[in-house]
Amino acid sequence: MKDFKYLAAMTIPLSAVISIYFKGYWSFFTPFYAFAIIPFLEVLLPQDPNNLSNEQRLEKEKSKFFDWMLYLNIPIVFGFLFYTLWDLSTTSYALYEIIGLIFSVGIVLGVNGINVAHELGHRKSTNERHLGKLLLLPSFYMHFYIEHNFGHHANAATNEDPATAKYNQSLYSFWFSSTLHQYFSAWKLQSKLLKTDGDPFFSIKNDMLWYTVFQTTYLSVVFYLFGWDGLVFALATGVVGFLLLETVNYIEHYGLIRKKLPSGRYERVRESHSWNSNHVIGRIVLYELTRHSDHHYKSAKKYQLLDYHDISPQMPYGYPTSMVLSFLPPLWFSIMNSRIPAEMKKTDS
């Protein structure tokens, strides 16, 4: 029965149901739930630093329940998106209601879309990786698969990684630098992969071209079915979705850097190069994303098996609460800067 705790991840879509159904000021309920109620619960509830026993690990590794918890998000994400687009095209909404729904559906795209896509993107199964890319589509972040798997996991906590926030870099500066540099980095990585395989740029194996086609087709279909209003809504929710991802990227490695060896290469990624959180609510709502230290240490490990390590730097709060703090840079710096070891602070040097 303890495994059913991950159903808490579905409270984000449920909060969106409330936003869509009741409308009015309730249209803002999802951001209120995500950034007020969940952080409040995180402060109240205890942390859980315990790891699984060997017996529990074997049992959970074989269980398909954890996989189906991920697959279930595909109809949820696209169902919410297209139902809301249809509803907007048939119902008269006030501007403030539309703005509320943009944030509500965008949060679903970020939490139940991109976050789940990240987990599926690390799977060995080709079909699961394809499902992950599908979940990235409505946030226009399909390039994330290439940049994250072939770029970020190799360069995390270094000056070469656009998804690692520098010491004293604000969240808003990071949004611009990370979003732009990750996109161009994905193209460079794609070109390198094609060159390694001896394939030309205009090749069926150029995934970045396919991603461009898929995302353009998606927007074209939205425009054809729902007009300009639908197109603007789809674009806006996608932006909310990927900015949610970039906010998570910001807090995951903020200020941390790996040592550079005499050879000029960086030390191997260890459990000490990502921020960890054992706060229960954040763990289960985000499918254990908050045990990010172990994820970077062993990226192929499934979310339900991730461990806590004593040497991992610990966030004072859970990821949802930390995201809220990051929206206020002076407060974020005052809380986090003193927790970063002097030798690991990531600067422009």
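- Naming follows an unreviewed UniProt entry, where the protein chain appears as Alkane 1-monooxygenase of Flagellimonas maritima.
- Reading the Sequence similarities (unreviewed entry) entry of the UniProt record for the protein chain gives the comment "Belongs to the fatty acid desaturase type 1 family. AlkB subfamily."
- Here the protein chain is described in UniProt, under the heading Subcellular location (unreviewed entry), as follows: "Cell inner membrane".

1. Here's the deal with empty space enclosed by the protein
Okay, so step 1: Taken as a whole, this structure holds four cavities of 30 Å³ or more when the rule is applied.
Okay, so step 2: Its volume calculated, the largest cavity comes out at about 280 Å³.
Okay, so step 3: Forming the boundary of the largest cavity are 24 residues, of which V111, V248, L286, L289 and M323 lie nearest the centre.
Okay, so step 4: Going through the elements one at a time, α2 (29–44), α6 (95–120), α8 (144–155), α10 (207–253) and α13 (319–326) are the ones with two or more residues in the lining of the largest cavity.
Okay, so step 5: Looking at the lining of the largest cavity residue by residue, the classes come out as 16 nonpolar, seven polar and one charged.
Okay, so step 6: By volume, the second largest cavity amounts to about 70 Å³.
Okay, so step 7: Around the second largest cavity sit N115, H118, E119, L286, Y287, E288, L289, H292, H295, Y303 and L306, which together line it.
Okay, so step 8: Residue assignment for the lining of the second largest cavity shows that the elements contributing at least two residues are α6 and α12 (292–297).

2. Details of the pattern of salt bridges
Okay, so step 1: Throughout the structure, instances matching the rule amount to 13 salt bridges.
Okay, so step 2: Between E119 and R123 there is a salt bridge, with its nearest N and O atoms 3.2 Å apart.
Okay, so step 3: A relative accessible area of 10% means that E119 is categorised as buried.
Okay, so step 4: On the basis of relative accessibility, which here comes to 5%, the residue R123 falls in the buried class.
Okay, so step 5: Put simply, K64, D67, E119, R123, E128 and K302 are held in one network by salt bridges that share partners.

3. A few points about the UniProt feature "transmembrane region" (unreviewed entry) in the protein chain
Okay, so step 1: Per the UniProt record, the feature "transmembrane region" (unreviewed entry) sits at residues 28–45, 65–86 and 98–117.
Okay, so step 2: Here residues 65–86 runs as 95% helix and 0% strand, with 32 Å between its end C-alpha atoms.

4. Things to note about the UniProt feature "domain: Fatty acid desaturase" (unreviewed entry) in the protein chain
Okay, so step 1: Taken from the UniProt record, the annotation "domain: Fatty acid desaturase" (unreviewed entry) applies to residues 101–319.
Okay, so step 2: Helix makes up 59% of residues 101–319 and strand 0%, and the two end C-alpha atoms of the span are 23 Å apart.

5. Regarding the nonpolar core
Okay, so step 1: With 85 residues, the main nonpolar core has I12, L135, Y218, Y250, Y254, Y287 and W332 as its most contacted residues.
Okay, so step 2: The contacts of Y287, once residues within four sequence positions are left out, are Y6, A9, M10, M69, L70, N73, N115, V116 and Y303.

6. Some remarks on the packing of aromatic side chains
Okay, so step 1: What the rule picks out here adds up to 31 aromatic pairs.
Okay, so step 2: Geometrically, the ring pair formed by F140 and Y218 is tilted, given 6.1 Å between the ring centres and 45 degrees between the ring planes. Of this pair, F140 sits in the loop between α7 (126–136) and α8 while Y218 sits in helix α10, placing them 78 residues apart in sequence.
Okay, so step 3: Residue classification places F140 among the buried residues on the basis of a relative accessible area of 16%.
Okay, so step 4: Exposure remark for Y218: the relative accessible area of 7% places this residue in the buried category.
Okay, so step 5: An aromatic cluster is built from F4, Y6, F65, F66, Y287 and Y303, whose rings are joined through pairwise contacts.
Okay, so step 6: Sitting over the ring of Y145, K133 keeps its end group 4.4 Å from the ring centre.

7. Some details on the side chain of Q169
Okay, so step 1: Considering the arrangement of structural elements, one finds Q169 in the loop between α8 and α9 (171–197).
Okay, so step 2: A polar side-chain atom of Q169 sits 3.3 Å from a polar atom in the side chain of S173.
Okay, so step 3: Beyond its immediate sequence surroundings of up to four residues, Q169 is in contact with F174, S177, Y250, Y254 and F333.

8. Observations regarding a positive patch on the surface
Okay, so step 1: A cluster of like positive charges, contributed by K259, R268, R270 and K298, occupies part of the molecular surface.
Okay, so step 2: Looking at the element boundaries, R270 is found in the loop between α10 and α11 (280–285).

9. Concerning unusual backbone geometry
Okay, so step 1: Even without being a glycine, F140 presents a positive backbone phi close to 60 degrees.
Okay, so step 2: A positive phi angle, near 70 degrees, is found at N168, a position not held by glycine.
Okay, so step 3: Along the polypeptide, N168 turns up in the loop between α8 and α9.
Okay, so step 4: Judged by relative accessible area, which is 42%, N168 ranks as partly exposed.

10. Examining a nonpolar patch on the surface
Okay, so step 1: Taken together, the side chains of L14, V17, Y21, F22 and W26 make up a nonpolar region of the molecular surface, amounting to roughly 590 Å² of accessible area.
Okay, so step 2: By secondary structure assignment, the location of Y21 is in helix α1 (residues 11–22).

11. Some remarks on α2
Okay, so step 1: I37 marks the point of greatest bend in α2, at about 25 degrees, and the proline P39 comes within the next four residues.
Okay, so step 2: For α2, every residue scored as buried is listed here: F29, T30, P31, Y33, A34, I38, P39 and E42.
Okay, so step 3: The inward-facing, buried residues of α2 contact α1, α6, α11 and α13.

12. Thoughts on the layout of surface pockets
Okay, so step 1: Size it by volume and the largest pocket reaches roughly 370 Å³.
Okay, so step 2: If you trace the largest pocket, you find 19 residues lining it, with K2, K5, L52, Q56 and K60 closest to the centre.
Okay, so step 3: With three residues, helix α3 (residues 54–62) is the single largest residue contributor to the lining of the largest pocket.
Okay, so step 4: Among the residues making up the lining of the largest pocket, the classes are represented as six nonpolar, four polar and nine charged.

Thresholds, definitions, all that
Residues numbered from 1 in each chain as written. Predicted model: local features only at pLDDT ≥ 70, side-chain atom pairs only at ≥ 80, totals over all residues. Heavy atoms only, no water. UniProt positions renumbered as here; feature names shortened; annotations may be inferred. 1 Å grid on protein atoms, 1.4 Å probe; cavity = no way out; pocket = protein on both sides within 12 Å on 5 of 7 lines; lining within 4 Å. Points joined across faces, edges and corners; volume = space filled by probe spheres on them. Helix = DSSP H or I, 4+ residues; strand = E, 2+ residues; numbered from the N terminus. Nonpolar A, V, L, I, M, F, W, Y, C, P; charged D, E, K, R; others polar. Salt bridge = Lys/Arg side-chain N within 4 Å of Asp/Glu carboxyl O. Buried < 20%, exposed > 50% of the residue type's maximum accessible area, 1.4 Å probe, protein only. Core = buried A, V, L, I, M, F, W, Y, C linked by side-chain atoms within 4.5 Å. Contact = heavy atoms within 4.5 Å. Phe/Tyr/Trp six-rings, centres within 6.5 Å; stacked < 30°, edge-to-face > 60°. Lys NZ or Arg CZ within 6 Å of the ring centre and 35° of its normal. Polar contact = N/O pair within 3.5 Å; in protein donor to acceptor, adjacent residues only side chain to side chain. Patch = residues over 30% accessible without salt bridge, like charges linked within 9 Å, V, L, I, M, F, W, Y side chains within 5 Å. Areas by Shrake-Rupley, 256 points an atom, 1.4 Å probe, with all protein chains shown as cover. Lys, Arg positive; Asp, Glu negative; His and termini not counted. Charge placed at Lys NZ, Arg CZ, Asp CG, Glu CD. Bend = angle between axes of the 7 residues up to and from the residue.

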